[in-house]
Amino acid sequence: MPHLPLASFRPPFWGLRHSRGLPRFHSVSTQSEPHGSPISQRNREAKQKRLREKQATLEAEIAGESKSPAESIKAWRPKEVVLYEIPTKPGEKKDVSGPLPPAYSPRYVEAAWYPWWVREGFFKPEYQARLPQATGETFSMCIPPPNVTGSLHIGHALTVAIQDALVRWHRMRGDQVLWVPGSDHAGIATQAVVEKQLWKERGVRRHELSREAFLREVWQWKEAKGGEICEQLRALGASLDWDRECFTMDVGSSVAVTEAFVRLYKAGLLYRNRQLVNWSCALRSAISDIEVENRALPGHTQLRLPGCPTPVSFGLLFSVAFPVDGEPDAEVVVGTTRPETLPGDVAVAVHPDDSRYTHLHGRQLRHPLMGQALPLITDYAVQPHVGTGAVKVTPAHSPADAEMGARHGLSPLNVIAEDGTMTSLCGDWLQGLHRFVAREKIVSVLSERGLFRGLQNHPMVLPICSRSGDVIEYLLKSQWFVRCQEMGARAAKAVESGALELSPSFHQKNWQHWFSHIGDWCVSRQLWWGHQIPAYLVVEDHAQGEEDCWVVGRSEAEAREVAAELTGRPGAELTLQRDPDVLDTWFSSALFPFSALGWPQEVLLHPMVRDRQGRKMSKSLGNVLDPRDIISGVEMQVLQEKLRSGNLDPAELAIVAAAQKKDFPHGIPECGTDALRFTLCSHGVQAGDLRLSVSEVQSCRHFCNKIWNALRFILNALGEKFVPQPAEELSPSSPMDAWILSHLALAARECERGFLTRELSLVTHALHHFWLHNLCDVYLEAVKPVLWHLPRPLGPPQVLFSCADLGLRLLAPLMPFLAEELWQRLPPRPGCPPAPSISVAPYPSACSLEHWRQPELERRFSRVQEVVQVLRSLRATYQLTKARPRVLLQSSEPGDQGLFEAFLEPLGTLGYCGAVGLLPPGAAAPSGWAQAPLSDMAQVYMELQGLVDPQIQLPLLAARRYKLQKQLDGLTARTPSEGEAGTQRQQKLSSLQLELSKLDKAASHLRQLMDEPPAPGSPEL
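Source: prediction; values computed, not measured.

Enquirer: Describe the overall build of the protein, listing the residues and the values that go with them.
Expert: Broken down by element type, the protein carries 31 helices and 32 strands. Within the protein, the fraction of its 1021 residues that count as buried is 50%.

Structure follows, in structure tokens:
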């Protein structure tokens, strides 16, 4: 099924007015006024005045007196906010006894429902087991734990929208559902927040407190502030079982983390080693590969970094001469982007086949700063075509150099300390200097010594710490690492064998590639907040060069037993010192689903959310969308203030602020939770990255308003004494009733298919199509005059109720607040106790509604809709705004006569016409009536005499024709742009030519009306 973008929602449908009161029923006559009957003088004068004004405007455009219309985005107008102000205690059911507000207001709709759902226990599997529709099957899932310090971003919102839709669907169909909530302790982020708070409020640094005292401060902060993320999950409507909430630092989770570490160590999958790690000098900690943002620089770029008072230049290649030992005039020039690491150089490398340096193989060079001899080595990893073809080798500060150094037996020199200053190995003149300050001093000294050979722009990729914004340093550290290759191979095999299912399946290729290229994982973090590593150093005297003795245990007592066995000494005599580092937060977060629910059977992967231009959302681009801003709305000034409160460089801030103003010139309108959820689910998990725009969500809010107005109409139509029939007893009494019930059954089937395949875009498309295009645009319009008939037919109200009841239940997993608000106001079906909430009401099954399906009727009714479109087009061409002209249909196609006859009244209603009749095949066309073809064998005739004034309409048609001809000429003369689809261009040309043909035909017909006297009679209808 093709995906329907939410941005294509149509304008408000006819008949559901945004008025203050409930829409009143009024007679929509299917009989036209008698020919020649007078229209009120006031209405005629007002109409002629509007036409004269429009004609003057168009004539001014033709004469070139008016400005050419510029494409502009209309400013959205803030909607009236309606608040739910009836006193309701948290957990009490919302009062729905009053009338619905005149228009949809998210704040009114979303008030009070969630606390009631939680108090009633609807989200607990124990409650669901008692439901009448209980299946006995189970469905369990856990939420990917968000950071306890953070706020939900749009990616979280997508995850919640998908998971909650699936959970609610399973719950409504009768499964026992368990969705486990939890949050991540966020080691780096939480510690940073508490450290800032301590300094701001008490002027205290972390190291001025004991570790235990600092951790007490963190726990106090967590209890006071850490619940914000959970409140945001509640605001999104996430139907989690909060009694089973987990936290990665809870006792149970901590035991699981320790157990996992010990087991991995004993299995040989966890080891300690001294090797290069990603080091954040600002955080004073190692970080993982996924916390490193590789930023591409086109050339010279200045960045503001933590701890640096002035901007630092990057994207430059510095050329430095290394003198050849023993040859005063000989040198080897190397290029480097990092002159601050020169003190750590231990060699210069060239490609063995590079003829420029063949004569220097085996020679010694002199270090340009330190003066010691360095070997010139050859290695096939050197790229001779890059720079001078010679590279400096710094094994302690470059992963590539570390591999090269290992191949050649070179000892690394660590010249940058944990805090980003230069170490004592650099000499007194550099020791203690910030590395980027040292860079300037080094370049200055090289220039003084005549060994600096210049610099040039150099595109490069700069590793940035995503946590702090600092440039990553590669430092040699003794850390704990997890061997990932073997486990990665097992994870890949689990998918290949079918033991683990990936949904959607196209992710298997990326899954296999990821695990076939995985490296070992550094899990040590130099923090206090987190799971302290359960490893202990056996403190004892040993000879220089001997490795430290480390033991691992679930407790110190267990570790002491292991140490005693290793050393052959009594455990009581040993001194153990626990590793002060903590584990990477994701060591515990990755265990979360296993500790909560065991081994999964299926992994559901969804796309990344990007902005409408396809860019990754980033603070540096200013395109990050906060779901709370979309839900509640936000003014432009507030958006700009959020940018200013960040840590963007002033120059970067100006660019980002300008881009934000361009994207959201009037701020972000209030869209509500349901609209956001529906929009996110509409993109589906089977597609690529999701491009989200606020206008899509705003369009979905309009869709919510359509549903709201539809229910206001239906509730008013049902009245207070309406008693619903059981759904299985409902039988359509007219072709229109049968048509809408067939589409309702089709929507149920498509929703079921979408949920079963995890493709929620099928569900959103089916619901959007049913509610908007079937129910609101067609059936509600067609049924209005029927409801006014006396005696009132019994069928349509029952059909309206079923559409509302079943349609809202189909909608509930995606729009839980709106569905609950409206469903609670429907009268209950007799004979069975109603469900207390739509969230536990039975989800409509496709098989139970299959008896309503009539595909042939749906196909035939599409022919009726074609006639409606032709009628509306004729009305638009002749500017028939209020008149209800009579219509005749003539067709010699088999089946048309009977089909049209069955839908004469809906044809008149939907086409905004008067009486609709049938003209026998072969009969002469009525004089003075407009004509439009339906097909080669079918025609539509519309009465015009007495309804249009040719003298007023002809100039208007001429003006419209001028504008269209101008567009056609411009499109024909314009050279197609690169990438412009030929079919799209041809469609535009054909469309303009067709409209011109219609206008020419209409003008010809109006001129005939001016020349012809009124017909003495009119066809019988």
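Enquirer: Which residues make up the packing of aromatic side chains, and what values go with them?
Expert: Counted under the stated rule, the structure contains 30 aromatic pairs. Look at Trp169 and Phe755: their rings are 5.1 Å apart centre to centre, the planes differ by 10°, and that puts the pair in the stacked class. Of this pair, Trp169 sits in helix α5 (residues 154–173) while Phe755 sits in helix α22 (residues 735–756), and the two are 586 residues apart along the sequence. Aromatic rings pair up to connect Phe261, Tyr265, Trp480, Trp521, Trp550 and Phe587 into one cluster.

Enquirer: Outline the side chain of Arg853, supporting the account with residue identities and numerical values.
Expert: Mapping Arg853 onto the fold places it in the loop between α26 (846–849) and α27 (855–877). Separated by 3.4 Å, the side chains of Arg853 and Ser742 make a polar contact. Among residues more than four places away in sequence, those in contact with Arg853 are Ser742, Ala745, Leu746, Arg749 and Glu858.

Enquirer: Go over the confidence of the model for the protein, please, and point to the residues and values.
Expert: Taken residue by residue, the protein gives an average pLDDT of 87. The fraction at 70 or more is 90%. This model gives residues 1–48 a pLDDT under 50, and the stretch forms 92 contacts once residues within four places in sequence are excluded. Confidence drops under a pLDDT of 50 for residues 50–74, and excluding neighbours within four residues, the segment shows 19 contacts in the predicted structure.

Enquirer: Which residues make up the sheet that holds strand β31 (residues 929–935), and what values go with them?
Expert: Spatial ordering of the open sheet is given by β30-β29-β32-β31, a layout of four strands whose pairing is mixed. One side of each edge strand has no neighbouring strand; the edge strands of this open sheet are β30 (916–918) and β31. Between one strand axis and the next, the sheet turns by 25° as a mean value, whatever way the strands run. The pairing of strand β29 (residues 887–891) with strand β32 (residues 938–943) spans five bridges and is antiparallel. Opposite Val887, over in β32, you have Met942 as the bridge partner.

Enquirer: Lay out the nonpolar core with the relevant residues and their values.
Expert: By size, the foremost hydrophobic cluster in this structure holds 164 residues, and its most contacted members are Ile707, Trp771, Tyr779 and Leu808. With 16 residues, helix α23 (residues 760–787) is the single largest residue contributor to this core. Contact partners of Leu808, with chain neighbours within four places excluded, come to Ile707, Leu711, Trp771, Cys803, Ala819, Leu822, Trp823, Leu826 and Ile838. Among the nonpolar cores identified, the runner-up in size contains 36 residues, and Phe322, Ile416, Leu430 and Phe481 belong to it.

Enquirer: Describe the packing of helix α21 (residues 694–718) against α23, listing the residues and the values that go with them.
Expert: At a closest axis distance of 11 Å, the pairing of α21 and α23 adopts a crossing angle of 30°. Considering their axes alone, α21 and α23 lie roughly parallel with respect to each other. Classified by chirality, the crossing of α23 by α21 is left-handed. Each of Phe703, Lys706, Ile707, Ala710, Leu711, Phe713, Ile714 and Ala717 in α21 lies in contact with α23, whose residues at this interface are Leu767, His768, Trp771, Leu772, Cys776, Leu780, Val783, Lys784 and Leu787. Residues belonging to the contact of α21 with α23 are distributed by class as follows: 14 nonpolar, one polar and two charged.

Enquirer: I'd love a proper account of the pattern of salt bridges, names of residues and values included.
Expert: Throughout the structure, instances matching the rule amount to 59 salt bridges. For the salt bridge of Asp805 with Arg809, the shortest nitrogen-to-oxygen distance reads 2.8 Å. Highlighted residues: Asp805 and Arg809, both in helix α24 (residues 795–811), separated by four residues, approximately one helical turn. Residues Asp805 and Arg809 agree in their burial class; the two are buried. It is possible to trace a salt-bridge network through shared partners that takes in Arg338, Glu340, Arg435, Arg439, Asp470 and Glu473.

Enquirer: How would you sum up the pairing of strand β5 (residues 270–280)? Please name residues and give values.
Expert: For β5 and strand β18 (residues 473–482), the ladder comprises 10 bridges, and the chain directions are antiparallel. The residue of β18 that forms the bridge with Asn273 is Gln479. In this structure, β5 lies alongside strand β6 (residues 285–287), joined through three bridges in antiparallel fashion. Counterpart to Asn278 in the pairing with β6 is Ile287. Hairpin geometry of β5 and β6 is characterised by an intervening segment of four residues between the two adjacent antiparallel strands and by a positive phi of about 55° at Arg284.

Enquirer: Account for the sheet that holds strand β10 (residues 316–323), with residues named and values stated.
Expert: If you trace the three strands from one edge of the open sheet to the other, you get β11-β10-β16, paired in antiparallel fashion. The sheet is open, and its two borders are formed by β11 (331–336) and β16 (452–457), each paired with just one other strand. Shown here is a sheet whose adjacent strand axes are inclined to one another by a mean of 20°, direction ignored. Bridge count between β10 and β16: four bridges; the pairing is antiparallel.

Enquirer: Give me the packing of helix α20 (residues 673–682) against α23: which residues, what numbers.
Expert: Two numbers describe a pair of packed helices, the interaxial angle and the distance between the axes. Running from N to C, α20 and α23 cross one another at 120°; their axes reach a closest spacing of 7 Å. In this view, α20 runs oblique relative to α23, as classed from their interaxial angle. Residues Phe678, Cys681 and Ser682 of α20 pack against Leu760, Ser761, Thr764, Leu767 and His768 of α23. Residue composition of the contact of α20 with α23, grouped by class: four nonpolar, four polar and no charged.

Enquirer: Which residues make up the environment of Asp737, and what are the values?
Expert: Tracing the chain through its elements places Asp737 in helix α22. Remark: the alpha-carbon pair of Asp737 and Val783, spanning 46 residues in sequence, is separated by 8.9 Å. At 3.2 Å, the side chain of Asp737 forms a polar contact with the side chain of Ser733. Of note is the side chain of Asp737, whose polar atom sits 2.5 Å from the side chain of Tyr779.

Enquirer: Could you give an account of unusual backbone geometry, naming the residues involved and the relevant values?
Expert: Here the bond from Ser503 into Pro504 is cis, since omega is 0°, no more than 30 degrees from zero. The phi torsion at Tyr912 lies on the positive side, around 55°, for a residue other than glycine. Relative to the helices and strands, Tyr912 resides in the loop between α29 (904–910) and β30.

Enquirer: Can you break down the pairing of strand β14 (residues 373–378) residue by residue, with the values?
Expert: In terms of strand pairing, strand β12 (residues 347–350) meets β14 through three bridges, oriented parallel. Bridge pairing links Ala349 to Ile377 in β14. Sheet topology note: the strand β13 (residues 364–366)/β14 ladder contains three bridges and is antiparallel. What sits directly across from Arg366, in β14, is Ala373. The antiparallel pairing of β13 with β14 creates a hairpin that spans six residues between the two strands, and Gly371 there sits at a positive phi of about 90°.

Enquirer: Could you give an account of α22, naming the residues involved and the relevant values?
Expert: For α22, built from 22 residues, the straight-helix expectation of 32 Å at 1.5 Å per residue is met to within 8% by its first-to-last C-alpha distance of 32 Å. After α22 finishes, the residue Arg758 shows a positive phi value of roughly 65°.

Enquirer: So what's going on with a nonpolar patch on the surface? Which residues, and what values?
Expert: Residues Ile290, Trp514 and Trp586 make up a contiguous nonpolar surface patch of about 390 Å² in total accessible area. With respect to the helices and strands, Ile290 occurs in the loop between β6 and β7 (292–297).

Enquirer: Lay out the side chain of Ser742 in plain terms, naming residues and giving numbers.
Expert: When you line up the elements, Ser742 lands in helix α22. You can call Ser742 buried: its relative accessible area is 0%. A polar contact of 2.8 Å, which involves the side chain of Ser742, links it to the backbone nitrogen of Gln854. Beyond its immediate stretch of four places on either side in the chain, Ser742 contacts Trp852, Arg853, Gln854, Pro855 and Glu858.

Enquirer: Please give an account of helix α8 (residues 228–235) that cites residues and values.
Expert: Structural remark: α-helix, 3.6 residues per turn; residues separated by three or four positions point the same way. Residues of α8 that are buried include every one of Ile229, Cys230, Gln232 and Leu233, and no others. Viewed along the axis of α8, the buried residues span an arc of 155°, placing them on a single side of the element. Residues of α8 that are buried sit in contact with α5, β3 (182–183) and α17 (627–632). Immediately downstream of α8, the backbone of Gly237 shows phi near 85°, a positive value.

Enquirer: How would you explain the state of the cysteines if you had to name every residue and give the values?
Expert: According to the stated counting rule, one finds zero disulfides in the structure shown. The thiol of Cys671 is not disulfide-bonded; the next cysteine sulfur, from Cys700, is found 8.8 Å away. Owing to a relative accessible area of 0%, Cys671 belongs among the buried residues under this scheme.

Enquirer: Describe the environment of Ser285, listing the residues and the values that go with them.
Expert: Along the polypeptide, Ser285 turns up in strand β6. Residue classification places Ser285 among the buried residues on the basis of a relative accessible area of 0%. With near-sequence residues (within four places) excluded, Ser285 lies in contact with Asn278, Trp279, Ser280, Arg525, Gln526 and Leu527.

Criteria and thresholds
- Residue numbers here run from 1 along each chain, matching the order of that chain's written sequence.
- A pLDDT threshold of at least 70 governs which residues receive local features in this predicted model, and a stricter bar of 80 or more applies before side-chain atom pairs are shown or counted, although totals over entire chains, interfaces and linings include all residues.
- Remark: hydrogens and water are excluded; side-chain values derive from all non-hydrogen atoms of the structure.
- Secondary structure elements are taken from DSSP: a helix is a run of H or I of four residues or more, a strand is a run of E of two residues or more, and numbering for both begins at the N terminus.
- Summary of the burial criterion: residues with accessible area below 20% of their type's maximum are buried, those above 50% are exposed, and those between are partly exposed, where the area comes from a 1.4 Å probe applied to protein chains only.
- Aromatic pairs are defined between Phe, Tyr and Trp rings, using the six-membered ring for Trp, whenever the two ring centres lie within 6.5 Å; interplanar angles under 30 degrees are classed as stacked, those over 60 as edge-to-face, and all others as tilted.
- Definition of a polar contact: a pair of N or O atoms within 3.5 Å, with one able to donate and the other able to accept a hydrogen when the atoms are protein atoms, and with sequence-neighbouring residues admitted only if both atoms are side-chain atoms.
- Whether two residues are in contact is decided by their heavy atoms, any of which lying within 4.5 Å being enough.
- Across the chain, each position has a pLDDT score giving the predictor's confidence in that residue, from 0 to 100.
- Strand pairing is assigned whenever DSSP detects at least two bridges linking the two strands.
- For every element, the axis is a line fit to its C-alpha atoms; helices are fit only across the contacting stretch, and the angle between N-to-C directions ranges from 0 to 180 degrees.
- The set of buried Ala, Val, Leu, Ile, Met, Phe, Trp, Tyr and Cys residues whose side-chain atoms join them within 4.5 Å is what this entry labels a nonpolar core.
- An angle counts as roughly parallel when it lies under 35 degrees, as roughly antiparallel when it exceeds 145, as roughly perpendicular when it falls between 65 and 115, and as oblique in every other case.
- Crossings are sorted by hand: turned counterclockwise from the far helix by less than a right angle, the near helix makes the crossing left-handed, and turned clockwise it makes it right-handed.
- Each residue is assigned to one of three groups, with Ala, Val, Leu, Ile, Met, Phe, Trp, Tyr, Cys and Pro labelled nonpolar, Asp, Glu, Lys and Arg labelled charged, and all others, Gly among them, labelled polar.
- Any Lys or Arg side-chain nitrogen found within 4 Å of a carboxyl oxygen on Asp or Glu counts as a salt bridge.
- What a helix is expected to span follows from its residue count: subtract one and scale by 1.5 Å.
- Here, patches come from residues exposed beyond 30% relative accessible area and free of salt bridges, joined within 9 Å for like charges and within 5 Å for nonpolar side chains (Val, Leu, Ile, Met, Phe, Trp, Tyr).
- In this description, accessible areas are obtained by the Shrake-Rupley approach with a 1.4 Å probe, and a residue is regarded as covered only by the protein chains that are shown.
- The directions from the helix axis to the C-beta atoms form the arc being described.
- Counting rule for disulfides: a pair of cysteine sulfur atoms within 2.5 Å.

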